Amino acid sequence: MDNNDLVLKAENLRVSFRTLTGKVQAVRGVSLELHKGETIAIVGESGSGKSVTVKTIMGILTKNAIIEEGSIMYEGQDLTKMDEANFHEIRGKKIGLIFQDPLSSLNPLMTIGRQISEVLTIGKGMDKESAKARALELMGQVGIPDPEVRYNQYPFQFSGGMRQRIVIAIALANDPDVLICDEPTTALDVTVQAMILELINKIKAERNISVIFITHDLGVVANMADRVYVMYAGKIVEYGTTNDIFFDPRHPYTWALLGSMPDMETEGRLAAIPGTPPNMLTPPVGDAFAARNEYALAIDLKYQPPFFKVSDTHYAATWLLHPLAPKVPVPEGLQKRIERMLREEAEYNASAGQ
Amino acid sequence: MAKYIFQRILAAILTLFVILTIAFCVVRLMPGSVFDDPDLSDSVKKVLEERAHLDKPIFVQYLYFLKGVVTENDWGTSVKLSPGMPAFQVIVQKIPVTMALNFISLLIAVPFGALFGILAAMKNKTKVDTAISVGVILGISIPSFVFATCLQYFLAYKFGWFPILYQPTATTAVKVSSMVLPIFALALSPIATITRYLRGELIEVLNSDFMVLAKTKGLNQFQATVRHALRNAAMPLVSIILHMFAGVVGGSLVIERMFSIPGVGGLMIKSINALDHSLTVAVLIFYAMISVATALIVDLTYGVVDPRVRMGGKKDE
């Protein structure tokens, strides 16, 4: 990956929230890169700062949020320093967002059609006729049957999956370069989930846009992403290509995440990560995952680990990768699964090659 | 929609019937009779009572009353205040001044309340918001008669800007200026109520998911507020404003008296004191009709504004 096709680059981003009990440090020094036409996934459990990171990119943080440090470079401009008057030229128009909850993100008192077409009339200055035609076209593209009828209906007449398609159509109406999907399928059932993911992949391929995909579902990540960022307690703990993360995970938190994902061969009790994430009012001094980590070293409690290079594309922030650290192998169950996955992959590739 | 309207109207008629029954019973159960006059001989009194069916049990009286209402639209006759005049006709004479007072004060309250409410919501958690909120608390907690007294004392008596009492017979200019204080006194509480509700609703709507979506669509704050927030915030306001109308009419009962405005409120108090029962019942029903009518209008406007109500939750998927 060279740097010429870099679309968006966040560097050392720190975001806190002022609350009555003190400052909650939601994002603590996140750096990430998004290249043209690629999908990156940000994975992590609830409260790890995934959503806050993308909200910062979209400029839709709540009023009590403070961007303490860092930059988000997009087309040569720093989004963290941009004022509201200029930001709405980028928000929606260049960077689109698909929400977590399609049920409450549509205006209940406005017809579906107008909610899509207003993007075009206001944002792109289209006249009403052509905006309507374009909206109908978009509704068809996201798989709404009978767009002509649906155009004049209200959100309450749509099911959850249909509403999510509308939200996607709204995001696409502006033809954004970057599409951010913040857990777009969490509120939907599994069959609808698969359709929506397929739809996002199709759109991405057709328009060659870049996608930031946020999820806590590793199964979804494997299907969607080119590269994966694993986030924990406001920090990126490991990142690499999807193959790096699934076949050669290095951070104990990534091990734990992968280990707690069920698959067809899982026997006995599913492994869960013990404990809960730390309170971000007073984040731990050392590695935030140390308290829940069975492989924690003494140094983990005192110093935060830097990123250690595994390969050109793969980095992990754990002291286990330090040359002086004891060699800790990947947990046995996970290792077996990785071997099985590699074998299946090889078989699949072989059959595909014939 | 037709079914919805029919249901609402039927409910309104039933409500009115219940109120009518209670009003009739309560008033008739009050001790004393308009014919308890020492100047009347017993035989004359007996004839009069017989003619008004007052010698019969209350249930029979009620049936006579109902029969009059349903068959001849006869709501009883005033006996004392305007002898021989149908009760509703007495009220009709007093309606214009009462309605003018109430409508104008509400008409003034809506734009002011909306203005303050939007201002407070947009400037949430600033000094502007705090100042407006303090004003709202004062406006809601000060009873209109206390406020009216202050207005009369300062603006009318001390500064002499307005007449203290209503001047029905004076020139138009004086008459209008004598209406200013009562209207102002009546409008205070509605202004505060509208401000409070609109501020609350708007703050909530401004923080809703669809407002975030509106922003991520590329609308700026102003476009998003006008297109998506105001209508959603105004929804509950529709019902509040109309219900408030019923409240204002009730409040004007006292205000009319303080400014000696010859309206329906004064009529009610006089008719009770004069034991003119038919008139009291008619006035009560007049007030009830206003309340029921506003409630009906609220329900119907909801249907117009909110598609979910209009379609009766009908989904076609």
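Keep in mind it's a predicted model, so treat the numbers as computed, not measured. (Residues numbered from 1 in each chain as written. Chains lettered and ligands numbered in written order. Predicted model: local features only at pLDDT ≥ 70, side-chain atom pairs only at ≥ 80, totals over all residues. Heavy atoms only, no water.)

*Asks:* Is there a simple way to think about the overall build of chain A in this case?
*Replies:* Scanning chain A from N- to C-terminus turns up eleven helices and twelve strands. Taken against the 2.2 N^0.38 rule, which gives 20 Å for 354 residues, the C-alpha radius of gyration of chain A at 21 Å falls within 12% of a compact globule. Summarising its shape, the C-alpha atoms of chain A cover approximately 70 × 55 × 40 Å along the three principal directions. Residues counted as buried form 51% of the 354 residues belonging to chain A. A separation threshold of at least 6 residues defines the contact pool for chain A, and within that pool the share at least 24 residues apart is 65%. The averaged location of the 44 negative side-chain charges in chain A is 5 Å from the averaged location of its 36 positive side-chain charges. (Helix = DSSP H or I, 4+ residues; strand = E, 2+ residues; numbered from the N terminus. Rg over C-alpha atoms; globule rule 2.2 N^0.38 Å. Buried < 20%, exposed > 50% of the residue type's maximum accessible area, 1.4 Å probe, protein only. Contact = heavy atoms within 4.5 Å. Lys, Arg positive; Asp, Glu negative; His and termini not counted. Charge placed at Lys NZ, Arg CZ, Asp CG, Glu CD.)

*Asks:* So what exactly am I meant to see when it comes to the sheet that holds strand β6 (residues 95-98) of chain A here?
*Replies:* Strands belonging to one sheet form pairs held by backbone hydrogen bonds; the direction of such a pair is parallel or antiparallel. Residue and element names in this part refer to chain A. Overall, mixed pairing links the eight strands, which are arranged β6-β7-β8-β3-β9-β10-β12-β11 in an open sheet. With partners counted over all chains shown, the strands left at the sheet margins are β6 and β11 (308-309), one partner each. Pairing analysis gives six bridges linking strand β9 (residues 227-232) to strand β10 (residues 235-241), with the strands arranged antiparallel. Bridging across to β10, arginine 227 finds its partner in threonine 241. Strands β9 and β10 of the sheet are contacted by helix α10 (residues 252-259), whose axis makes an angle of about 105 degrees with β9. (Pairing = 2+ DSSP bridges. Axes fitted to C-alpha atoms, helices over the stretch in contact; angles between N-to-C directions.)

*Asks:* What should I look at first to understand the sheet that holds strand β4 (residues 65-74) of chain A in this one?
*Replies:* Residues and elements named next belong to chain A. Here four strands make up an open sheet; going across it, the order is β2-β1-β4-β5 and the pairing antiparallel. Of all the strands in the sheet, just β2 (22-35) and β5 (77-78) have a single pairing partner and so form its edges. Pairing analysis gives two bridges linking β4 to β5, with the strands arranged antiparallel. If you follow tyrosine 74 over to β5, its bridge partner there is glutamine 77.

*Asks:* Whenever I open this one, the packing of aromatic side chains confuses me. Can you help?
*Replies:* Each aromatic ring pair is summarised here by two numbers: the centre-to-centre distance and the angle between the ring planes. Residue and element names in this part refer to chain A. In this structure the tally under the stated criterion is 16 aromatic pairs over all chains. With a centroid separation of 5.0 Å and 75 degrees between ring planes, the pair formed by tyrosine 253 and phenylalanine 289 is classed as edge-to-face. Here tyrosine 253, found in helix α10, pairs with phenylalanine 289, found in the loop between α10 and β11; they are 36 residues apart in sequence, far enough to count as distant. Overall, the relative accessible area of 0% leaves tyrosine 253 in the buried class. Taken together, Tyr229, Tyr239, Phe307 and Tyr315 form an aromatic cluster joined through their ring pairs. A cation over a ring is seen here: lysine 132 above tyrosine 151, with NZ or CZ 4.8 Å from the ring centre. (Phe/Tyr/Trp six-rings, centres within 6.5 Å; stacked < 30°, edge-to-face > 60°. Lys NZ or Arg CZ within 6 Å of the ring centre and 35° of its normal.)

*Asks:* Sorry if this is basic, but what is going on with the pattern of salt bridges here?
*Replies:* Where charged atoms from two side chains of opposite charge approach closely, those side chains can pair. The tally for this structure, following the rule as stated, stands at 18 salt bridges over all chains. The salt bridge involving Lys81(A) is made with Asp78(A); its shortest N-O contact spans 3.1 Å. Given the relative accessible area of 61%, Lys81(A) is considered exposed. Here Arg227(B) makes a salt bridge to Glu118(A), at a shortest N to O gap of 2.5 Å. Taken together, the positions of Arg227(B) in helix α9 (residues 221-258) and Glu118(A) in helix α3 (residues 112-123) put the pair across two chains. (Salt bridge = Lys/Arg side-chain N within 4 Å of Asp/Glu carboxyl O.)

*Asks:* Sorry, what's going on with the environment of Ala185(B) here?
*Replies:* All names here are of chain B. Examined against the element boundaries, alanine 185 turns out to sit in helix α7 (residues 172-206). In this structure, the C-alpha to C-alpha distance between alanine 185 and methionine 289, residues 104 residues apart in sequence, is 24 Å. Those residues in contact with alanine 185, other than ones at most four positions away along the chain, are Ser144, Phe147, Ala148, Leu151 and Ile255.

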